[in-house]
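# Close look at the chain arrangement
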Amino acid sequence: MSYPDFSPQGYQVITELGRNREGGRITWLTSNVNTSQQVVVKQFCFAQLGSNWSAFTAHEREIQVLQGLNHPGIPKYLGAFETPDGFCLIQEYKNAPTLGLRRSFDAEEIKQIAVKALSILVYLQNRIPPIIHRDIKPENILVDDQFNVYLIDFGMSRVGSEEVSGSSVFKGTLGFIPPEQMRQPTIASDLYGLGTTLICLLTGTPSGQIQKLTDDDDPHIINFRHLLPQLNLRFLNWLELMVKPKLKDRFVNAQTALEALKPLDVVRFPEVELSQSMLEFTATRLGEKLRQTITIENPIPDTVLQGKWEVAPHPQDPPHTPDSHPWISVEPANFSSNHTACRVQVDTSQLMADKLYKRQLLLLTNAYPEVHHLTLEIETAALPIQRQKVPYAGLSVWLLSCVMASIAITLSMTADGFGTGVKVGLVGAWVGFGLGFLVGVESAFEAVLRGKGGFLDVLLGLLVGAVMVGGIGAGVGFLIGIVAAGGFVAVVTAIVGFVAVVVALVAAVAVVADVENKFTAIFLLLLTAGLGTSIRIGCMIGLFNSYILLALAGTGLPLATILLYPRLQRRKLITKYRQSEERLIKP
């Protein structure tokens, strides 16, 4: 291939960049002989066969426009010179291919190109008067590897409200020119060409085949939405406004279009709506497998939610893969649906008893954000060691009541009417004992018929009922006798003693009800009563008396042993059980 000789003008041709045979224009990459700087030389060959001398007007117009421009997105005008068959225009060289060449861009990169191209148009439209390019198409936009965008070929541009001459009415590239450009182009006319260019990039449509996307009844209507189901609806609405055939429906200028574009997400992402943000599990028995269901919804139309469950790493869990966890599982672990019910299962057989476990499930999706968290709280079953109740409160009241009753009895013995009170009290005791026994017999007979309780339980119930009712009868009789025959001191002490006996009996009932083994309960009551009596006598004759010390030891030590032994035994069993859990997973 023979290259023209531009050496007289100081330029050496390197290669041909492109040609427009109809306009008699060839674009050359050249090097400045003096500076070695690479520049673009546009050669207009008006004497060439098939060329049109009207391109001379475009050449002059482009020079006029470029001389007044200074923007990083527009190659600078460097000069011009004549040739024997035309003229040459010299411009800054940008090492960037045009969008007319088949290249692969993702949606976000195309948005980046759109933002930078609109910024160039904002600069042109803010000129006074504004400049209208009139031929924006993929071939006239350069994009380099760093996504720097350049707008070229101002040969068809118009300044301000210049009238369109008849010879230039049909200039432009079909599919990229809006209807009003046939009559009077406006600053919104360039938006149509840029919008169509973006549609070509997004749909992979070559600029020469844009007619395949136009409406059969109106070639200015471009049907593209069905080809871009993955894009954000708001971005598609924006793009649709860029290519509206009617000028009044389009963005009014590049600045308005740019401000509307910047906050938009290009790709349409699904959304994740979880029915719950936390799942709480409570086990009632050891080794139980617990299950709950969580529902995942995607409300965004024309998108499909894809997800995968993983259990977040935890320092106490044994090593595991994202697809397999030792005690937590989700079914289905992978899904592709806009409505999915996932079953979460927790296997507590590897967990310690009576503990609270907290773990995180990660839902990895194609939504934004990509990762969603679901908290799991698992409360395991109680220890398999029965907790024995110790009626400390009831025994304490019983002890104090016994001491008070002893004091009252001691004082009453020195008061007038004590003997009468004793006699009447004995009668009341026998009457109360008999009534209590009769009531107990009836209750025991009914319990036997219903199959509740064994022989020993029935016998114990009879004795306890008879003694308690007999004790109340004795107290009432004693109080009546003292009141009838005694003085003021006897009456007061008798009343105090009676109240103490009643409180003691109530406390005794509470103790018997709290302790599962009734014989143990009676034994505790007898030891406590003996301890209270020993304390009272010790206060009268001296606590350091050898007999008192023996009585205190004989009642206090067995009582303390019975009360403390269950706790110590349970603690021992818990320690032994926890040692057996060392191999289990800790919270």
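For the structure itself, look to the data block above.
Quick caveat: nothing in here was measured; it's all calculated off a predicted structure. (Residues numbered from 1 in each chain as written. Predicted model: local features only at pLDDT ≥ 70, side-chain atom pairs only at ≥ 80, totals over all residues. Heavy atoms only, no water.)

## Here's the deal with the sheet that holds strand β11 (residues 278-282)
- The five strands are arranged β11-β18-β17-β13-β15 in an open sheet whose pairing can be described as mixed. Taken across any chain shown, the strands that pair with only one partner, and hence form the sheet edges, are β11 and β15 (334-336). Averaged over all adjacent pairs, the angle separating strand axes in this sheet is 20°, with direction ignored.
- Here strand β13 (residues 306-311) runs beside strand β17 (residues 356-365); their pairing, made up of five bridges, is antiparallel. Following the sheet pairing, Glu310 is matched in β17 by Leu362. (Pairing = 2+ DSSP bridges. Helix = DSSP H or I, 4+ residues; strand = E, 2+ residues; numbered from the N terminus. Axes fitted to C-alpha atoms, helices over the stretch in contact; angles between N-to-C directions.)

## Details of the packing of helix α3 (residues 189-203) against helix α4 (residues 233-242)
- At a minimum axis distance of 8 Å, the contact between α3 and α4 shows a crossing angle of 135°. As far as their axial angle goes, α4 and α3 are oblique. Contact residues: α3 offers Leu191, Tyr192, Leu194, Gly195, Leu198, Ile199 and Leu202, while α4 offers Phe235, Trp238, Leu239 and Met242.
- Class assignment for the residues of the contact of α3 with α4 results in ten nonpolar, one polar and no charged. (Parallel < 35°, antiparallel > 145°, perpendicular 65-115°, else oblique. Contact = heavy atoms within 4.5 Å. Nonpolar A, V, L, I, M, F, W, Y, C, P; charged D, E, K, R; others polar.)

## A look at the nonpolar core
- Ranked by internal contacts, the top residues of the largest apolar core, which has 58 residues, are Leu69, Leu118, Leu121, Leu124, Leu194, Trp238 and Met242.
- When residues of this core are traced back to their parent elements, those giving at least two are α1 (55-67), α2 (107-125), β7 (141-143), β8 (149-151), α3, α4 and α5 (254-261).
- Per-element accounting of this core gives the leading share, twelve residues, to α2.
- Aside from chain neighbours lying at most four places away, what touches Leu194 is Ala114, Ala117, Leu118, Leu121, Ile136, Ile141 and Met242.
- Counting residues in each nonpolar core, the second largest holds 29 residues, with Ile294, Trp327, Cys342 and Val344 among its members. (Core = buried A, V, L, I, M, F, W, Y, C linked by side-chain atoms within 4.5 Å. Buried < 20%, exposed > 50% of the residue type's maximum accessible area, 1.4 Å probe, protein only.)

## Some details on the packing of aromatic side chains
- For the structure on display, the rule yields seven aromatic pairs.
- Measuring from ring centre to ring centre gives 6.2 Å for Tyr11 and Phe81, while their planes differ by 15°; the resulting arrangement is stacked. Highlighted residues: Tyr11 in strand β1 (residues 11-20) and Phe81 in strand β4 (residues 77-83), separated in sequence by 70 residues. Residue Tyr11 shares its accessibility class with Phe81, and that shared class is buried.
- When the ring of Trp327 is compared with that of Tyr357, the centres are 5.7 Å apart and the planes differ by 70°; the resulting orientation is edge-to-face. Taken together, the residues span a long stretch of sequence, with Trp327 in the loop between β13 and β14 (328-331) and Tyr357 in strand β17 at a distance of 30 residues. Of the two residues, Trp327 and Tyr357, both sit in the buried class.
- Among the aromatic residues, those joined into a ring-pair cluster are Phe6, Tyr11 and Phe81. (Phe/Tyr/Trp six-rings, centres within 6.5 Å; stacked < 30°, edge-to-face > 60°.)

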